[in-house]
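These are the residues of each chain, in order.
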Amino acid sequence: MNKANELKRLHKKWLANCTCELREIATQGVPGDGNANAQIVFIGEAPGAREDREGRPFIGSAGKFLDEMLESIKMRREDVYITNIVKYRPPNNRDPLQSEIAACAKWLEEEIKLIDPALIVFLGRHSMNHFFPHEKISEVHGTLLSTKYFAKPRRFLPLYHPAAALYNGSLREVLKTDFKKIPRLL
Ligand code: URA
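Everything in this summary refers to the structure shown in the same document. If you're wondering where the values come from, they're calculated on a predicted model, not measured in any experiment. (Residues numbered from 1 in each chain as written. Predicted model: local features only at pLDDT ≥ 70, side-chain atom pairs only at ≥ 80, totals over all residues. Heavy atoms only, no water.)

Let us now look at the packing of helix α3 (residues 61–72) against helix α8 (residues 169–179). The geometry of α3 relative to α8 is characterised by a closest axis approach of 10 Å and an angle of 45 degrees between their N-to-C directions. One finds that α3 runs oblique with respect to α8. Handedness of the α3/α8 crossing: right-handed. Here α3 contributes Phe65, Leu66, Met69 and Leu70 to the contact with α8, which in turn contributes Arg172, Leu175, Lys176 and Phe179. Partitioned by chemical class, the residues of the contact of α3 with α8 number six nonpolar, no polar and two charged. (Axes fitted to C-alpha atoms, helices over the stretch in contact; angles between N-to-C directions. Helix = DSSP H or I, 4+ residues; strand = E, 2+ residues; numbered from the N terminus. Parallel < 35°, antiparallel > 145°, perpendicular 65-115°, else oblique. Left-handed = near helix turned anticlockwise from the far one by under 90°. Contact = heavy atoms within 4.5 Å. Nonpolar A, V, L, I, M, F, W, Y, C, P; charged D, E, K, R; others polar.)

Structure below.
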């Protein structure tokens, strides 16, 4: 089976079996989306209202900004893979709880193992702190981190979340500058 089909199977399995309590209130689960052979995996926080309605990650205003930044490094969504640490929308877009992150963690782990990217890009502190609990996004944004993840050394680039940058002009410029480092890290 090719990777794209394996990924479809993986999402089908988790959509049926994920134990995240948000399942009770979300419209649907929002699996990762994009190229199963991508060199880069982006990890956001959790779906928002539009993602919850349509079942795809980063399709609202933060997603539009992400598309613009991809374009700035001559990439398209079809070239990368985009997912979230939590696959169900938290009520009123509140921060995900540890229990919700833990319930979705195995799903994320299987996505990463299957895609096996050269670089993992965190969109915001929530996804970064799942892998690096002691780092602060204000201190490490735009710098390469590495650690073993399930026995395999991996490289990570923490970035500010595009939604935060949309509401803060100075963060927006920092995020755009950090984003442009991606091609050099591949
Ligand atoms: N913000 C996220 O972190 N993820 C999405 O899918 C949409 C907005």
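What follows is about the packing of helix α1 (residues 3–17) against helix α4 (residues 98–115). Axis angle and axis distance: for two packed helices, these are the angle between their axes and the distance between the axes, and together they describe the pair. Where α1 meets α4, the closest approach of the two axes is 11 Å, and the angle between their N-to-C directions is 175 degrees. Between α1 and α4, the crossing angle belongs to the class labelled roughly antiparallel. Residues Lys3, Glu6, Leu7, Leu10, His11, Lys13, Trp14 and Leu15 of α1 form the contact with α4, whose own contacting residues are Lys106, Trp107, Glu110, Glu111, Leu114 and Ile115. Partitioning the contact of α1 with α4 into residue classes produces seven nonpolar, one polar and six charged.

Moving on: the pairing of strand β5 (residues 145–149). Summarising the sheet, β5 and strand β6 (residues 152–159) pair through five bridges and their orientation is antiparallel. Bridging across to β6, Lys148 finds its partner in Pro153. If you look at the hairpin formed by β5 and β6, you'll find two residues sitting between the two strands, and Phe150 has a positive phi there, around 50 degrees. (Pairing = 2+ DSSP bridges.)

Before going further, it helps to spend a moment on the pattern of salt bridges. This structure, assessed with the given rule, holds 15 salt bridges. Among the salt bridges present, the one from Arg76 reaches Asp79, with a minimum N-O distance of 3.4 Å. Asp79 gets classed as partly exposed once you look at its relative accessible area, which sits at 28%. Among the ionic contacts, a cluster of salt bridges with common partners joins Arg76, Glu78 and Asp79. (Salt bridge = Lys/Arg side-chain N within 4 Å of Asp/Glu carboxyl O. Buried < 20%, exposed > 50% of the residue type's maximum accessible area, 1.4 Å probe, protein only.)

All right, on to the site of the ligand then. Residues in contact with the ligand, as listed here, are Gly44, Glu45, Ala46, Pro47, Glu51, Pro57, Phe58, Asn84 and His161. One of the backbone N or O atoms of Glu45 is found 2.8 Å from an oxygen atom in the ligand. Side-chain polar atom of Asn84 to a nitrogen atom of the ligand: 2.8 Å apart, as the coordinates give it. The fraction of the free accessible surface of the ligand (230 Å²) that becomes covered by protein chains is 91%. Taken atom by atom, the bulk of the ligand overlaps the largest pocket. Residues belonging to the shell around the ligand are distributed by class as follows: four nonpolar, three polar and two charged. (Near = heavy atom within 4 Å. Polar contact = N/O pair within 3.5 Å; in protein donor to acceptor, adjacent residues only side chain to side chain. Areas by Shrake-Rupley, 256 points an atom, 1.4 Å probe, with all protein chains shown as cover. 1 Å grid on protein atoms, 1.4 Å probe; cavity = no way out; pocket = protein on both sides within 12 Å on 5 of 7 lines; lining within 4 Å. Sits in = over half its atoms within 2 Å of the grid points.)

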